[in-house]
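# Coordinate inspection notes
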Amino acid sequence: TGIEERRRVAPGETTADLATQSTRKALAATGWSAAELDLLVCATSSPDAHLPSVAAHIAHDLGTDAAAFEVRQNHEDLDFTGVPRAEAVPDDFRS
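Right, let's talk about the overall build of the protein chain for a bit. Scanning the protein chain from N- to C-terminus turns up two helices and two strands. Walking the protein chain from its N terminus toward its C terminus, one meets helices and strands in the order α-β-α-β. By sequence separation, contacts in the protein chain at least 24 residues apart represent 59% of the contacts at least 6 residues apart. Carbon and sulfur atoms make up 51% of the accessible area of the protein chain, which totals about 7,300 Å².

Listed in full, the twelve residues of the largest apolar core are Ala-16, Ala-19, Leu-27, Ala-34, Leu-37, Leu-40, Cys-42, Val-54, Ala-55, Ile-58, Leu-62 and Ala-66. Contributions of two or more residues to this core are made by helix H1 (15-30), strand S1 (39-44) and helix H2 (54-62). With four residues, the top contributor of residues to this core is H2. In contact with Leu-37, other than residues within four places in its own chain, are Leu-27, Trp-32, Leu-62, Thr-64 and Ala-66.

As defined by bridge partners, S1 adjoins strand S2 (residues 67-72) across six bridges and the pair is classed as parallel. Its bridge partner lying in S2, Val-41 is registered against Phe-69. Each parallel crossover has a hand, and for S1 linked through H2 to S2 it is right-handed.

Conventions we followed
- Residues take numbers from 1 onward in each chain, read along the sequence in its written order.
- Totals for whole chains, interfaces and linings use all residues, but because this is a predicted model, local features are given only for residues with pLDDT of at least 70 and pairs of side-chain atoms are given and counted only at 80 or more.
- Calculation of side-chain values draws on the structure's entire complement of heavy atoms; hydrogens and water are dropped beforehand.
- Numbering goes from the N terminus for both helices and strands, where a helix is a DSSP run of H or I of at least four residues and a strand is a run of E of at least two.
- We call two residues in contact whenever any of their non-hydrogen atoms come within 4.5 Å of each other.
- Accessible surface is estimated by sampling points in the Shrake-Rupley manner with a 1.4 Å probe; for residues, cover comes only from the protein chains shown.
- The definition of a nonpolar core used throughout is a set of buried Ala, Val, Leu, Ile, Met, Phe, Trp, Tyr and Cys residues joined through side-chain atoms within 4.5 Å.
- For every residue, the accessible area (1.4 Å probe, protein chains only) is compared with the maximum for its type, and the residue is labelled buried under 20%, exposed over 50%, or partly exposed between those bounds.
- Criterion used throughout: strands pair if DSSP finds at least two bridges between them.
- Seen with its strands pointing away from the viewer, a crossover is right-handed if its path from the first strand over the helix to the second goes clockwise.

If you want it as structure tokens, here you go:
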């Protein structure tokens, strides 16, 4: 499968919790604040629930008003498809 490492979550920890932690680290590394985000895209094959999306949880937890959407892939042996490529993202959403 190409998977080199697997991680386990603590009891009660969710995909949204992990994703929010990762997003906070990414924002800190870039020097951005959550308020500067215009668009938040989450790609997952392990959502916490059908609704609300993990992306919505991340946006809420970060306190951002950014548009948020999620791309899901439920087959581990397939690549994510339909993820917007840079060319498809409008210029005003690019930094």
